[in-house]
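Coordinate inspection notes
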Amino acid sequence: MRKRAVLMSRVSSDEQAKGYSLDVQTESLEKYCERSDIEVVYSFKEDHSAKNFERPAFKEFISFAKKNRGKIDELLFTSWDRFSRNIQEAYKVIDLLRELGISPQAIEQPIDLSTPENKAILAMYLVIPEIDNDRRSIKTKGGIRAALKSGRWCSKAPYGYRNTRDENNKPLIVRGEHSDNIRWAFEQVLENATQREIQRELNKRGCMIQKTRVGLMLRNPVYIGKIEVPEYGKEPYQLVEGVHEAIVSEKLFYQVQDALNTKGPRRVMSKKTSDQLLPLRGKLKCSKCDAKLTGSRSRGKLGGHYAYYHCNHCRNERHRADLINQVMEEVLDSAKLNSRLDRLVEAICADLLTADSSQTAAKVNKLKQTVSKQNDRIQRLQDNLADGVVSSDDYMSMKTRFSKELNEAQNELNHLKAHDSSKESIIRKAVEALNNLGVNYRNSSADRKIKLVGSIFPEMIEFDGNKCRTPKINEAAALCFNVDGRLRGNKKGTLHQKMEVSLLVARRGIEPLLPG
């Protein structure tokens, strides 16, 4: 009796772009059946990834197979990577096909599954495509995260923008035909329009958007020219400056957040994003009782919602957060290195880089050894699987652990290699950073802002409603910003007209004592 078979041809979208053909696979399968005297009872083509079996055409085949139980002997495809690139999913589907009386078979990699030893060969055929998929996934995620950090939107353009590429062929979003309508939508929130009303009017204007998406749009900082970089591993959440043009002003955006916050209990923004409004929380102290000031958002006297720093201990001090934040930005904007210090800073940076280079080299060598070790382990593990020394379950468990350690080491190694090792470039960046503290502060996350302020002002800061006071400034910062004589001889120094430093006397050892 002639065997009856179903033919499966599959390519992913990426493979189609590279010239892979469904027709070539189908033709090869049909010729195989003709040579082997196999009757074709069903044939289907797919253009989906093989990461799982949630593929429409494959689901239709399973439905057909269940309705025709006992009438199909084989599922034929050209190679096992056409069948699946996920070893665990593949085994589940193979078991399902066997229950239906169907034997899966790759005509270019035939395996007799009735022979127990051939299970090791099957595992090899299935795991190699999965490894290839995993490596491509790591590269893709790393590329997307790097692009986000550089301020580039990497997915479908949000409403009001359109996708394009810059002169270097890097992804970029630019204003689209509905950018004015998006700004109008933000303005309507302040006119007490409901999200339903805004959605209906946007649809009338040709900007087709679902009601559930309006709220997400109004909360998205992309419209003020920012890009959100999500938390990943040990890297914290970041809100970075985007390379695209803003559609609404920051003032309008945060006014809208306040308005949305008053209309319901739902949080307007994530905690990490809202903390951008209170970056000095934990660094300020109450001038009345010396307790730390905390921060929160509450209703102002005129009905608007604002962020405040306040004392929960004595409850006698409360300041608008935007006023203190502005003072801190002005102070840091004014902090400039005296031109006479540039060469000194460059010399110090060069000395530090020289000392650091040997440590970096040692770290690179150690990471290379780790990468090599894990690659060897995975190779030996694959050999043991092929030889039947380890079971497929043990293989998957150990492979997951080894791959994780390998990926962590490889990512860190790539980061070190990609780091600009040019001393001149790093030194210039160091001097530039010191001369642009205000800009760096504004563009930093809340965590980085508090670290930056803490590195310059190690003690707590008080605010009297107009200017700040602190008892101490970092000695290195005092030397850098005191060279021009602004603080010399002034025990109650004024680093800036809105920042008083009460004790700027350098300790012995900073400079020689005068005789007498």
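Right above here is the structure, for reference.
One structure accompanies this document, and this report is about it. Only a predicted model underlies this, so the values are computations on that prediction, with no experimental measurement involved.

Moving on, we come to the packing of helix α8 (residues 195-204) against helix α9 (residues 211-218). Packed helices, taken two at a time, are described by the angle their axes make and the gap between the axes. Running from N to C, α8 and α9 point in directions that differ by 105°, and their axes come no closer than 9 Å. Between α8 and α9, the angle is such that the two are roughly perpendicular. Residues Gln195, Arg196, Ile198, Gln199 and Leu202 of α8 form the contact with α9, whose own contacting residues are Lys211, Val214, Gly215, Met217 and Leu218. Looking at the contact of α8 with α9, its residues break down into five nonpolar, three polar and two charged.

Tallied over the full model, the rule gives 16 aromatic pairs. Geometrically, the ring pair formed by Phe44 and Phe58 is edge-to-face, given 6.3 Å between the ring centres and 75° between the ring planes. Of this pair, Phe44 sits in strand β2 (residues 39-46) while Phe58 sits in helix α3 (residues 56-67), and the two are 14 residues apart along the sequence. Between the aromatic rings of Phe58 and Phe83, the centroid separation amounts to 6.5 Å while the plane-to-plane angle is 65°, which identifies the pairing as edge-to-face. Remark: Phe83 occurs in helix α4 (residues 80-83) and Phe58 occurs in helix α3; sequence separation between them is 25 residues. Just as Phe58 is buried, Phe83 falls in that class too. Following the ring pairs from residue to residue traces out a cluster consisting of Tyr42, Phe44, Phe53, Phe58, Phe61, Phe64, Phe77, Trp80 and Phe83. The cationic tip of Lys449 hangs over the ring face of Tyr441; the distance from NZ or CZ to the ring centre is 5.3 Å.

Bringing the sheet that holds strand β1 (residues 4-10) into the picture now. Across the sheet, four strands lie side by side as β2-β1-β3-β4; this open sheet has parallel pairing. Both edges of this open sheet fall to β2 and β4 (103-106), since each of them pairs with a single strand only. Averaged over all pairs of adjacent strands, the angle between strand axes in this sheet comes to 25°, irrespective of strand direction.

Before going further, it helps to examine the side chain of Gln25. Among the secondary structure elements, Gln25 is positioned in helix α2 (residues 22-36). Excluding residues within four positions of it along the chain, Gln25 makes contact with Ser9, Arg10, Val11, Thr78 and Arg82.

The next point concerns a positive patch on the surface. On the surface, a cluster of positive charge is contributed by Arg196, Arg200, Lys204 and Lys211. With respect to the secondary-structure elements, Arg196 resides in helix α8. We classify Arg196 as partly exposed; its relative accessible area is 35%.

This paragraph deals with α9. Here α9 has its buried residues at Val214, Gly215, Met217 and Leu218. The arc enclosing the buried residues of α9, seen along the axis, measures out at 160°, which places them on a common side.

If you trace the backbone, Phe402 turns up in helix α14 (residues 392-418). Residues Phe402 and Val371, 31 residues apart in the sequence, show an inter-C-alpha distance of 9.9 Å. For Phe402, the contacting residues outside a window of four places in its chain are Gln374, Arg377, Ile378 and Leu381.

Right, let's talk about unusual backbone geometry for a bit. Of note, the phi angle at Asp37 is positive, near 55°, even though the residue is not glycine. With respect to the helices and strands, Asp37 occurs in the loop between α2 and β2. What makes Asp37 partly exposed here is its relative accessible area of 45%. Phi angles above zero are rare outside glycine, and Asn169 is one such case at about 65°. Of note, Asn169 is situated in the loop between β5 (161-165) and β6 (171-175).

Cut-off values and rules
Residues numbered from 1 in each chain as written. Predicted model: local features only at pLDDT ≥ 70, side-chain atom pairs only at ≥ 80, totals over all residues. Heavy atoms only, no water. Axes fitted to C-alpha atoms, helices over the stretch in contact; angles between N-to-C directions. Helix = DSSP H or I, 4+ residues; strand = E, 2+ residues; numbered from the N terminus. Parallel < 35°, antiparallel > 145°, perpendicular 65-115°, else oblique. Contact = heavy atoms within 4.5 Å. Nonpolar A, V, L, I, M, F, W, Y, C, P; charged D, E, K, R; others polar. Phe/Tyr/Trp six-rings, centres within 6.5 Å; stacked < 30°, edge-to-face > 60°. Buried < 20%, exposed > 50% of the residue type's maximum accessible area, 1.4 Å probe, protein only. Lys NZ or Arg CZ within 6 Å of the ring centre and 35° of its normal. Pairing = 2+ DSSP bridges. Patch = residues over 30% accessible without salt bridge, like charges linked within 9 Å, V, L, I, M, F, W, Y side chains within 5 Å. Areas by Shrake-Rupley, 256 points an atom, 1.4 Å probe, with all protein chains shown as cover. Salt bridge = Lys/Arg side-chain N within 4 Å of Asp/Glu carboxyl O. Lys, Arg positive; Asp, Glu negative; His and termini not counted. Charge placed at Lys NZ, Arg CZ, Asp CG, Glu CD. Arc of directions from axis to C-beta.

In short, geometric facts, not functional conclusions.
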